[in-house]
Amino acid sequence: MLLHINLAYLFELWHSCPPWMPTDEHGDKNVWMEKPGHREGATMHVKKYLLKCLHRLQKGPGYTYKELLVWYCDNTNTHGPKRIICEGPKKKAMWFLITLLFAALVCWQWGVFINTYLSWEVSVSLSVGFKAMDFPAVTICNASPFKYSKVKHLLKDLDELMEAVLERILAPESSHANATRALNFTIWNYTPLFLIDERNPHDPVVLDLFADNHNDSAIICNDPGCKMAMRLCRLNGTECTFQNFTSATQAVTEWYVLQATNIFAQVPFQELVQMGYPAEQVILSCLFGAEPCNYRNFTSIFYPPYGNCYIFNWGMMEKALPSANPGTEFGLKLILDIGEEDYVPFLASTAGVRLLLHEQRSYPFIREEGIYAMSATETSIGVLVDKLQRKGEPYSPCTMNGSDVPIQNFYSNYNTTYSIQACLHSCFQDHMIRNCSCGHYLYPLPPGEKYCNNWDFPDWARCYSALQMSLAQRETCIGLCKESCNDTQYKMTISMADWPSEASEDWIFHVLSQERDQSTNITLSKKGIVKLNIYFQEFNYRTIEESAANNIVWLLSNLGGQFGFWMGGSVLCLIEFAEIIIDFVWITIIKLVGFAKSSRQRPASARYAGPPPTVAELVEAHTNFGFQPDAASHGPGAEAYPDEQALPIPGTPPPNYDSLRLQPLDVIESDSEGDAI
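For clarity, every value in this text was computed on a predicted model and none was experimentally measured.

Colleague: Quick question: what am I supposed to make of the state of the cysteines here?
Modeller: A covalent bond between the sulfur atoms of two cysteines is referred to as a disulfide. Enumeration over the complete set of coordinates arrives at 8 disulfides. The residue that forms a disulfide with Cys427 is Cys477, at a sulfur-sulfur distance of 2.1 Å. On the S-S bond that ties Cys427 to Cys477, the torsion sits near -80 degrees, and the link is left-handed. Within this pair, whereas Cys427 is found in helix α15 (residues 420-436), its partner Cys477 is found in helix α17 (residues 471-480), the two being separated by 50 residues in sequence. On the basis of relative accessible area, Cys427 is assigned to the buried category, the value being 0%.

Colleague: I'm lost on the packing of helix α5 (residues 89-118) against helix α19 (residues 552-567) in this one. Help?
Modeller: Packed helix pairs are characterised by how far apart their axes lie and by the angle those axes make with each other. Close contact between α5 and α19 brings their axes to 9 Å; oriented N to C, the two are set at 170 degrees. Comparing the axis directions of α5 and α19 gives the class roughly antiparallel. Taking contact as the criterion, the partners of Thr99, Phe102, Ala103, Leu105, Val106, Gln109, Trp110, Phe113, Ile114, Thr116 and Tyr117 in α5 are, on α19, Ile552, Trp554, Leu555, Asn558, Leu559, Gln562, Phe563, Trp566 and Met567. When its residues are assigned to classes, the contact of α5 with α19 shows 15 nonpolar, 5 polar and no charged.

Colleague: Can you walk me through the sheet that holds strand β6 (residues 239-245) in this structure?
Modeller: Sheet strands line up and pair through hydrogen bonds in the backbone, either parallel or antiparallel. Taken in spatial order, the 4 strands make up an open sheet running β4-β3-β5-β6, and their pairing is antiparallel. Only two strands of the sheet have a single partner each, and these edge strands are β4 (205-208) and β6. Strand-to-strand, the axes of this sheet are offset by a mean angle of 40 degrees, without reference to chain direction. The pairing of strand β3 (residues 193-197) with β4 spans 4 bridges and is antiparallel.

Colleague: For this particular structure, what's the right way to read α5?
Modeller: Along an α-helix, residues three or four positions apart point the same way, because every turn accommodates 3.6 residues. Over its 30 residues, α5 runs 43 Å from end to end, which matches the ideal 44 Å to within 8%, given 1.5 Å per residue. Within α5, the full set of buried residues consists of Thr99, Val106, Gln109, Phe113 and Tyr117. Trp120 sits one or two residues past α5 and shows a positive phi near 55 degrees.

Colleague: Even after reading the chapter, I still don't get the UniProt feature "transmembrane region" (unreviewed entry) in the protein, so can you show me in this structure?
Modeller: Taking the UniProt record as the reference, the feature "transmembrane region" (unreviewed entry) is found at residues 93-113. What you have in residues 93-113 is 100% helix and 0% strand, and the ends, taken at the C-alpha atoms, are 30 Å apart.

Colleague: What am I meant to see in the confidence of the model for the protein here?
Modeller: If pLDDT is low for a region, its predicted coordinates should not be looked at in detail. Mean pLDDT for the protein: 81, with 78% of residues reaching 70 or above. In this model residues 1-34 is a low-confidence stretch, pLDDT under 50, and it forms 48 contacts with partners more than four residues away in sequence or in other chains. Low pLDDT, under 50, characterises residues 634-647; the predicted model gives this stretch 22 contacts beyond four residues in sequence or across chains.

Colleague: Any chance you could explain the nonpolar core here in plain terms?
Modeller: One broad trend across soluble globular proteins is that nonpolar side chains are buried collectively. Formed by 64 residues in total, the largest nonpolar core has its most connected members in Leu193, Trp255 and Trp460. With 8 residues, the top contributor of residues to this core is helix α11 (residues 248-264). When neighbours within four sequence positions are excluded, Leu193 is seen to be in contact with Val165, Trp188, Asp208, Leu209, Met228, Ala229, Met230, Ala251, Val252 and Trp255. Residues Met133, Phe298, Leu355 and Val383 belong to the second largest nonpolar core, which totals 36 residues.

Colleague: Can you walk me through the pairing of strand β9 (residues 298-303) in this structure?
Modeller: Side chains on a regular strand alternate between the two faces of the sheet. With 6 bridges joining them, β9 and strand β10 (residues 307-312) adopt antiparallel strand pairing. The residue bridging Tyr303 from the neighbouring strand is Gly307, located in β10. Between β9 and β10, which follow one another and run antiparallel, lie 3 residues.

Colleague: In this structure, what is going on with the pattern of salt bridges? I would like to understand it.
Modeller: Where charged atoms from two side chains of opposite charge come close, those side chains can pair. Summed over all chains, the structure comprises 14 salt bridges. Put simply, Glu378 and Lys531 hold a salt bridge, and the shortest N to O gap is 4.0 Å. Taken together, the residues Glu378 in strand β14 (residues 377-389) and Lys531 in strand β18 (residues 529-548) connect sequence positions 153 residues apart.

Colleague: So what exactly am I meant to see when it comes to the sheet that holds β9 here?
Modeller: Strand order in the open sheet formed by 5 strands is β9-β10-β2-β12-β13, with antiparallel pairing between adjacent strands. Two strands close off the open sheet at either side, each with one partner strand: β9 and β13 (371-373). Averaged over all pairs of adjacent strands, the angle between strand axes in this sheet comes to 30 degrees, irrespective of strand direction. Relative to β10, strand β2 (residues 137-142) is paired through 4 bridges, and the arrangement is antiparallel. Looking at β10, one finds that Val138 is bridged to Phe312.

Colleague: Help me understand the side chain of Asp342, please; the structure alone is not making it clear to me.
Modeller: Relative to the helices and strands, Asp342 is located in the loop between β11 (332-337) and β12 (353-358). This buried residue, Asp342, is left without a salt bridge; Lys147 holds the nearest opposite charge, at 4.3 Å. A polar atom in the side chain of Asp342 sits 2.9 Å from the side chain of Ser149. Discounting chain neighbours no more than four positions away, the residues touching Asp342 are Phe146, Lys147, Tyr148, Ser149 and Tyr277.

Colleague: It is not clear to me how the environment of Asp487 should be interpreted in this structure. Could you clarify?
Modeller: Looking at where Asp487 falls in the secondary structure, it is placed in strand β17 (residues 486-498). Taking the C-alpha atoms as reference points, Asp487 and Ile544, separated by 57 residues in sequence, lie 10.0 Å from one another. With near-sequence residues (within four places) excluded, Asp487 lies in contact with Glu359, Asp386, Lys387, Leu388 and Arg390.

Colleague: Is there a simple way to think about helix α3 (residues 65-75) in this case?
Modeller: Among all positions of α3, only Leu68, Tyr72 and Cys73 are buried. Taken down its axis, α3 places every buried residue within 130 degrees of arc, on the same side. Looking at the buried positions of α3, the neighbouring elements they touch are α4 (81-86) and α20 (571-601).

Colleague: What's the story with unusual backbone geometry in this structure? I'm lost.
Modeller: Trans is the prevailing form of peptide bonds, just as negative phi is the prevailing case for residues other than glycine. At the junction of Glu393 and Pro394, the peptide bond is cis and its omega measures out at 0 degrees in the coordinates. Note that Pro394 resides in the loop between β14 and β15 (398-399). A cis amide bond, omega -10 degrees, links Trp499 with the succeeding residue Pro500. For Pro500, the location among the structural elements is in the loop between β17 and α18 (505-517). You will see that Asn313, though not glycine, has its phi angle at about 65 degrees, which is positive. Along the chain, Asn313 falls in the loop between β10 and β11. Despite not being glycine, Asn415 shows a phi value in the positive range, around 60 degrees.

Colleague: Explanation requested: a nonpolar patch on the surface in the structure shown.
Modeller: A cluster of nonpolar residues, Phe577, Ile581, Val585 and Ile589, forms a patch on the protein surface that exposes about 360 Å² of accessible area. Mapped onto the elements, Phe577 comes out in helix α20.

Scoring rules and cut-offs
- Residues numbered from 1 in each chain as written.
- Predicted model: local features only at pLDDT ≥ 70, side-chain atom pairs only at ≥ 80, totals over all residues.
- Heavy atoms only, no water.
- Disulfide = S-S within 2.5 Å.
- Helix = DSSP H or I, 4+ residues; strand = E, 2+ residues; numbered from the N terminus.
- Buried < 20%, exposed > 50% of the residue type's maximum accessible area, 1.4 Å probe, protein only.
- Axes fitted to C-alpha atoms, helices over the stretch in contact; angles between N-to-C directions.
- Parallel < 35°, antiparallel > 145°, perpendicular 65-115°, else oblique.
- Contact = heavy atoms within 4.5 Å.
- Nonpolar A, V, L, I, M, F, W, Y, C, P; charged D, E, K, R; others polar.
- Pairing = 2+ DSSP bridges.
- Expected span 1.5 Å × (residues − 1).
- UniProt positions renumbered as here; feature names shortened; annotations may be inferred.
- pLDDT = per-residue confidence, 0-100.
- Core = buried A, V, L, I, M, F, W, Y, C linked by side-chain atoms within 4.5 Å.
- Salt bridge = Lys/Arg side-chain N within 4 Å of Asp/Glu carboxyl O.
- Lys, Arg positive; Asp, Glu negative; His and termini not counted.
- Polar contact = N/O pair within 3.5 Å; in protein donor to acceptor, adjacent residues only side chain to side chain.
- Arc of directions from axis to C-beta.
- Patch = residues over 30% accessible without salt bridge, like charges linked within 9 Å, V, L, I, M, F, W, Y side chains within 5 Å.
- Areas by Shrake-Rupley, 256 points an atom, 1.4 Å probe, with all protein chains shown as cover.

Pasting the structure below:
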């Protein structure tokens, strides 16, 4: 037998408790124990059925490779194969090549379509809707993060250094006379500024701004070939690099911001809030549609680049306000005082209001996405709404709520929705903490970490600069962060005009001064006043939606179309082809098993040390698995046989009748009793 199954083990399982065993009226299956005849009969039925299955598996499909191929070509519904076996030799070769060519074309086309489907392309549809909409959240910030009158004591040493640097740059001759002025160089020594003379590119000269001979050097280097640079060091100043600038204005501004960041990072949060512009001073007038509002209708947050910022209609604690109609009269009207006269001179070089329109419950990233409104002007902002709906994985790498983004969101304390800006900033802060051992002042901190400063982390400026310019860091964060699948964008149309006019300036400022300061005199400056009008231009909104460009219906129709066009086939033809493949594999396995068994039995052909068993005993052993030869037949050579079983003494061979030919059990049973099942 080519395949071996432990039938004795199967019989033991079925003998113990077959699933189809009947029960008595109490549901007890032990009723069979009282009827051994029925039990033995059922066991024989199972035995015959399993043996038939075994012989069917051993027999295989019952034909050779050639017969199988001829049968397939003669019976398949696919065009081409039938002509290969029906035509003459020349036409057979021709039809074989044609069929092979068209089959290759089908496979090539299938590969193209499957590859196109697996590329997960999307198509974008644009639809226009009309309905009443919620007014967007409006965030306003002053361009100066702090009032100079409240932070002047913190910036005293820094401002004196800044003034001295400007004197050295602008008037080196006069600055030499003031060289004896006492300066605190503690901050300067961490990240000083230098002049680099690059007139000889092969031998640049580095000039210290506060060196004793700087006056002479400055006169020599008063040339476009001299550039300013900021020295950044680490490892206690043993390893330094220079960050060059093309403009002195840019150099001193970046240097001042870096030093101010070091100072403010050491100030407690509540003190920073107190040093900013309060809402009651900034927001002079507020009107939403026909409803009056004031600074109490705004939510305050501290945004480090711009200090105290105020959000209208954020929707955190209250329901979002709807807009009744499009047009200026149904929008938000604000009059703001930015207090320009109290700006930090070296920190805020831009005067105006930074504002951003965004969704409710989303964190405002004003520095990256906001716009400026000029002072002494009335700025009108018409809003159009675009709603983006991305398809999601695997079509678009987007996320619904950020839960599948492997970056800890450091803005989660604000209880805001996910945004890619929050992810990118959190990713940068995470790299900052891992590489520099401290966090940057501009971004939120995770618990247990500290902001960078010169005293606790002397090398932080060099580390921050390298990380900020690292392309690998940016690519890593972009690769990890995902866009939001559902997003709302507000497109703005901006127009400006001078406000107030000369004719109305006097009475407007008198009224505003009386309302805020209870003063009959004008306490406001025209240069610090900003008027904003924010409204929907129309209630039409655009929905930009992604959909699958190639779905499964498209794929199946194209695969079937190509198969039917080139070979006249269908799904049934594919099933026929799968059937013949299974038969080929079946025949191959049977042949391999037979070859392996014949190779194993060939060395064991002379395993009998004594006379071989008789044909009668072999027949009995084949049909009766419990057959044991007579113990009396054991001869002196019994110890030479396996399992200590001696072969019987041979007798007279029986006649060579067909009835004694060795046959499978199912054939023997069918001859004597008929079909077992």
